[in-house]
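Tertiary structure, described
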Amino acid sequence: MGNLVNLTLDDGIAVVRVDNPPVNALSHAVRAGLRDGLRAALNNPQTSAVVIFCAGRSFFSGADIREFGQRPQAPFLPDLISEIEAAPVPVIAAMHGNALGGGLEVALGAHYRVAVKGTRFGLPEVSLGLLPGAGGTQRLPRLFPAADAARLITGGKPVETHAALSLGLIDRIGSSNDACAEGVAFARELIAAGKEPRRVGSLPCNQLEPAELEAITAETAKAARGATAPLACLEAVKAAMTLPFGEGLKKERALFQDLMASDESKALIHAFFAERQVGKLPEAESVEPRAIRRVGVVGGGTMGAGIAVSALLSGLDVTLAERDEAAAAKAAASVGQMLGNAVDRGKLAGTQREAILAASFRTTTCFEDFAPADLVIEAVFESMDVKKDVFTRLDQVCRPGAILASNTSYLDLNAIAAMTSRPQDVIGLHFFSPAHVMRLLEVVVGAETAPDAVASGFALAKRLKKVAVRAGVCDGFIGNRILSHYSKAVYGMVLAGASPYAVDRALTGFGLAMGPFAVGDLAGLDIGWANRKRLARYRDPHELYPEFADRLCELGRFGRKSGRGFYIYEDGAGRARPDPEVEEIIAAERAAKGITPRSIGEKDIISRYMAAMVNEAARVVGDGIALRPLDVDVTLLNGYGFPRWRGGPMHYADTIGLDQILQDISRFHEEDPIFWQPAPLLERLAAEGRTFASLNT
Ligand code: T1G
């Protein structure tokens, strides 16, 4: 059975115990051990029931994703699960922690399922561009109501213990926290009651009403935004309802193998591991982060309140400072409102909200109240003078060792740190709005930032359930620097002849949740306008400058908040429609610049957008602002709406080939000077026949 699995037999109850830290992935060794343990148990005439149990923090978390792409090795999981299901005595899955993917499929192959409180059950394969390939799509709709089964599989979201019980996935929630003991006790009851194996595969499959199937198909296609796995999941569930069990398993296997071979699953698996590798920093390895319990926030605007709520929801103590009582009261109201929204979304109990507001949150107008803070995050107006004043005052009141962080989205952190006597304690913590929702956190590292301060930023991100990316100091760090560049490309293609609405359509077809012009309207066109004015003195004279965006702002058309931007927002419900007046403003500018508009097709819109994004991203890696290409992928996936099923811009570039990117840059250079020079790193890798992934060590 190997050293990952052991078997005990007591009073007729065999326990097959698996211990494969950290998450009991169903590696080849585990599958072989599980098979051998099951066979040994069943070959013993004393065995009246078998309990399958995992040690450590969780039941099986699924197939071992690190084995994907390698030659599959028997025993294959579907076969092993069929062998479990065929056992002649009751087999009980005793679960705790997570039962995910192939792990839940093992449990579905068992005859009975018990779990302790807090266990989560899910089939997240779709988030890897796959589908449950070991019987999950065929067995779950035989236990679960069909619509719930379809949504759990196509959405990939887990269900909690009580829902699993009420939906029929599990037979009992144990009264103790000892899953193994609960499994053994349940087995004893089954034996006493003379219960036989109850094979899920033999049950009739619940059916979806035609209207339900139509609704689920539509919602799945909409949510997929171009990804194919969600709809393939639905195909497999439909096979469960229309084919005999054995045939359904074959259909599931065929669909699974198609997905396993797809670029989409490679991209999503890349994203999965990249989000775990991004926290591995050479400089912070084996460095202990500083303890953070008391957090100070300077500024109670949208960002400051959001940061405060993010910290409060993670159990931290928060003091928020504003300039006067009125502003402090307004900030407190925002925080209370956001916590109320968390209650409405079921993320927080009402009583918890009250307790947090009573015990863990306070406002102040005195910086002296930051004296005990372990970390103070400044989220004031994006003005270097204002930030320098704040950091000068923080340096005077905060205790030695406290970390001073700026939420600036592009200002020079070294200049801010220089205002203090402790530049080693200064980091950037660039949150993304809404700060208590967006997963990305850029941890900006100054020239003198201490390694343990960096490690503390990453530890805070984990505590806040965010994904931290290390960023060096430059204008815009990683994400905004790249955004600023591909935004120019987008404006450039409109000047060349594309309509902003065609650009948005093409890029939402590429998989973005929203097109860049719709995003600009949502964020506020005045933000981009202010940025262009701020950077005006650095502008390359050769660059095309799109004045139409400034014209809209001069007309007070700032987007959704003013009812008109690139789109017209009539009824405030966010329904947007194109505006002929915008097209006239653009046409006038083209004429004034002597540009004869030409039609630019969807493919070229996407190629031009991606060429600009990848080229600047390659510069960001080449300049050391991002540690690795994967850091750029994680940034764009978690903060800028890049379609996850494409893996991020660097993974996407590897997929289409760096030579293709270079050809596109050269082609578009004729029309837009921002393509004037390929990034040296991009040219070098292409010349060496390498990929960006080759740098993701
Ligand atoms: N395989 C291999 N490694 C895994 C893994 C897995 N399934 N899950 C986690 N790891 C590694 C992870 O890379 C990290 O490694 C460490 O474990 C801790 O993970 C046939 C085909 C279980 C909720 O999609 O969702 O079954 O960085 O940091 O925050 O139908 O891990 O330390 O070196 O995420 O406590 C389906 C994926 C697979 C679950 C725990 N299962 N994992 O979260 O820890 S496909 C999944 C997770 C499948 C079948 C199909 C989470 C977690 P390192 P972590 P965590």
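Naming follows an unreviewed UniProt entry, where the protein appears as FAD-dependent oxidoreductase of Leisingera aquaemixtae. Regarding the protein, the relevant UniProt record gives this comment under Catalytic activity (unreviewed entry): "a (3S)-3-hydroxyacyl-CoA + NAD(+) = a 3-oxoacyl-CoA + NADH + H(+)". The UniProt entry for the protein carries the following comment under Pathway (unreviewed entry): "Lipid metabolism; fatty acid beta-oxidation."

**Regarding the overall build of the protein**
In terms of regular secondary structure, the protein is built from 28 helices and 18 strands. Since a compact globule built from 697 residues should have a radius of gyration of about 26 Å, the 28 Å found for the protein is in line with a globular shape. Along the first, second and third principal axes, the C-alpha atoms of the protein reach 85 × 60 × 55 Å. Taken across its 697 residues, the protein has 55% of its residues classed as buried.

**What to know about the environment of Ala-271**
For Ala-271, the position within the fold is in helix 11 (residues 263-277). Judged by its relative accessible area of 1%, Ala-271 is buried. Each C-alpha atom of the pair Ala-271 and Leu-630 lies 8.3 Å from the other, and the pair is 359 residues apart in sequence. Among residues more than four places away in sequence, those in contact with Ala-271 are Leu-637 and Arg-644.

**Remarks on the UniProt feature "domain: 3-hydroxyacyl-CoA dehydrogenase C-terminal" (unreviewed entry) in the protein**
When the UniProt feature table is mapped onto this chain, "domain: 3-hydroxyacyl-CoA dehydrogenase C-terminal" (unreviewed entry) is found at residues 476-569 and 605-690. Regarding residues 476-569, the helix share stands at 60% and the strand share at 3%, and the terminal C-alpha atoms are separated by 30 Å.

**Here's the deal with the sheet that holds strand 4 (residues 91-95)**
Spatial strand order, 1-2-3-4-6-8: six strands in an open sheet with mixed pairing. In the strand order of this sheet, the two ends are held by strand 1 (5-10) and strand 8 (172-173), each with one partner. For strand 6 (residues 112-115) and strand 8, the ladder comprises two bridges, and the chain directions are parallel. Of the residues in strand 8, the one forming a bridge with Ala-115 is Ile-173.

**Considerations on the pairing of strand 13 (residues 403-406)**
Alternating positions in strand 13 separate into two faces, Ile-403 and Ala-405 on one and Leu-404 and Ser-406 on the other, with burial throughout. Where strand 12 (residues 375-378) lies against strand 13, four bridges are found, and the strand directions are parallel. In the strand pairing of strand 13, Leu-375 is matched with Ile-403. This β-α-β element, strand 12 to helix 15 (residues 384-397) to strand 13, shows right-handed connectivity.

**Points about empty space enclosed by the protein**
On inspection of all chains with the given rule, the structure shows one cavity of 30 Å³ or more. Quantified by volume, the largest cavity comes out at close to 30 Å³. Contributing to the lining of the largest cavity are Asn-20, Pro-21, Pro-22, Val-23, Asn-24, Ala-25 and Arg-66. A breakdown of the residues in the lining of the largest cavity according to their chemical character gives four nonpolar, two polar and one charged.

**Overview of helix 25 (residues 629-639)**
Buried residues dominate helix 25, accounting for eleven of its eleven residues. Of the surrounding elements, those touching the buried residues of helix 25 are helix 11, strand 15 (440-445), strand 16 (467-471), helix 18 (479-496), helix 24 (602-622) and helix 26 (649-656). Following helix 25 by one or two positions, Gly-641 has its phi on the positive side, about 70°.

**Examining the sheet that holds strand 12**
The mixed open sheet is built from eight strands, whose spatial order is 11-10-9-12-13-14-15-16. The two strands at the open ends of the sheet, each matched to only one other strand, are strand 11 (361-364) and strand 16. On average, each strand axis in the sheet is inclined to that of its neighbour by 25°, with strand direction left out of account. Summarising the sheet, strand 9 (residues 294-298) and strand 12 pair through four bridges and their orientation is parallel. Residue Gly-296 lies in a different strand from strand 12, and its bridge partner there is Val-376. Along the sheet face, helix 15 touches strand 9, strand 12, strand 13 and strand 14 (426-431) and points at about 170° away from the line of strand 13.

**Here's the deal with the packing of aromatic side chains**
Within this structure, the stated rule accounts for 16 aromatic pairs. A centroid spacing of 5.3 Å and a plane angle of 90° characterise the contact between Phe-510 and Tyr-652, whose relative ring orientation is edge-to-face. Residue Phe-510 is located in helix 19 (residues 500-510), and its partner Tyr-652 is located in helix 26; the two are separated by 142 residues in the primary sequence. An aromatic cluster of three or more residues is present, and its members are Tyr-491, Phe-517, Phe-548 and Phe-566. Between the NZ or CZ atom of Arg-393 and the centre of the ring of Phe-367, over which it lies, the distance is 3.8 Å. A cation over an aromatic ring shows up here: Lys-533 above the ring of Trp-529, its NZ or CZ 3.7 Å from the ring centre.

**Description of the pattern of salt bridges**
Under the criterion given, the structure shown has 48 salt bridges. Among the salt bridges present, the one from Arg-290 reaches Asp-425, with a minimum N-O distance of 2.9 Å. Here Asp-425 lies in the loop between helix 16 (413-417) and strand 14 and Arg-290 lies in the loop between helix 11 and strand 9, a separation of 135 residues in the sequence. Each of the two residues, Arg-290 as well as Asp-425, counts as buried. The partner of Asp-526 in a salt bridge is Lys-561, and the shortest N-O contact between them spans 2.9 Å. Remark: Lys-561 occurs in the loop between helix 22 (547-554) and strand 17 (567-569) and Asp-526 occurs in helix 21 (residues 525-535); sequence separation between them is 35 residues. Accessibility expressed as a relative area gives 54% for Lys-561, which makes it exposed. The structure contains a network of salt bridges with shared partners spanning Glu-547, Arg-551, Glu-554, Glu-589 and Lys-593.

**With respect to the UniProt feature "domain: 3-hydroxyacyl-CoA dehydrogenase NAD binding" (unreviewed entry) in the protein**
As annotated in UniProt, the feature "domain: 3-hydroxyacyl-CoA dehydrogenase NAD binding" (unreviewed entry) corresponds to residues 295-471 in the numbering used here. This span, residues 295-471, is 42% helix and 21% strand, and a straight line between its end C-alpha atoms measures 22 Å.

**Brief notes about the nonpolar core**
With 100 residues, the main nonpolar core has Phe-548, Phe-566, Val-632 and Phe-692 as its most contacted residues. Per element, the largest residue contribution to this core is twelve residues, and it comes from helix 24. In this view, Phe-548 contacts Tyr-491, Val-494, Leu-495, Phe-517, Phe-566, Ile-585, Ile-586 and Glu-589; residues no more than four positions away in its chain are not counted. Counting 70 residues, the second largest nonpolar core, distinct from the first, contains Ala-14, Phe-59, Leu-80 and Leu-208.

**Examining the site of the ligand**
Inspection of the region around the ligand gives 29 residues, with Ala-63, Gly-102, Glu-105, Glu-125 and Arg-276 positioned closest. Between an oxygen atom of the ligand and a main-chain N or O atom of Ala-63, the distance comes to 2.8 Å. Here an oxygen atom of the ligand sits 2.8 Å away from a polar atom, N or O, in the side chain of Lys-280. Looking at the shell around the ligand, the elements that each hand over two or more residues are strand 5 (98-100), helix 3 (102-109) and helix 11. Across the shell around the ligand, the residue classes break down as 15 nonpolar, six polar and eight charged.

**Focus: the domain arrangement of the protein**
Partitioning the protein into structural domains gives domain 1 (5-197 + 204-263), domain 2 (286-473) and domain 3 (480-517 + 529-546 + 598-695). Inter-centroid distance (C-alpha atoms) of domain 2 to domain 3 is 31 Å. If you look at the interface, domain 2 gives 14 residues, while domain 3 gives twelve residues. When domain 2 packs against domain 3, the two sides together hide about 1100 Å² of surface, and 57% of this comes from carbon and sulfur. Linking domain 2 to domain 3 there are zero salt bridges. For the pair domain 2 and domain 3, the interface holds four residue pairs in polar contact (both at pLDDT 80 or more).

Scoring rules and cut-offs
Residues numbered from 1 in each chain as written. Predicted model: local features only at pLDDT ≥ 70, side-chain atom pairs only at ≥ 80, totals over all residues. Heavy atoms only, no water. UniProt positions renumbered as here; feature names shortened; annotations may be inferred. Helix = DSSP H or I, 4+ residues; strand = E, 2+ residues; numbered from the N terminus. Rg over C-alpha atoms; globule rule 2.2 N^0.38 Å. Buried < 20%, exposed > 50% of the residue type's maximum accessible area, 1.4 Å probe, protein only. Contact = heavy atoms within 4.5 Å. Pairing = 2+ DSSP bridges. Right-handed = clockwise from strand over helix to strand, strands pointing away. 1 Å grid on protein atoms, 1.4 Å probe; cavity = no way out; pocket = protein on both sides within 12 Å on 5 of 7 lines; lining within 4 Å. Points joined across faces, edges and corners; volume = space filled by probe spheres on them. Nonpolar A, V, L, I, M, F, W, Y, C, P; charged D, E, K, R; others polar. Axes fitted to C-alpha atoms, helices over the stretch in contact; angles between N-to-C directions. Phe/Tyr/Trp six-rings, centres within 6.5 Å; stacked < 30°, edge-to-face > 60°. Lys NZ or Arg CZ within 6 Å of the ring centre and 35° of its normal. Salt bridge = Lys/Arg side-chain N within 4 Å of Asp/Glu carboxyl O. Core = buried A, V, L, I, M, F, W, Y, C linked by side-chain atoms within 4.5 Å. Near = heavy atom within 4 Å. Polar contact = N/O pair within 3.5 Å; in protein donor to acceptor, adjacent residues only side chain to side chain. Domains from an automatic or database assignment. Buried area = accessible area lost by both parts, 1.4 Å probe.

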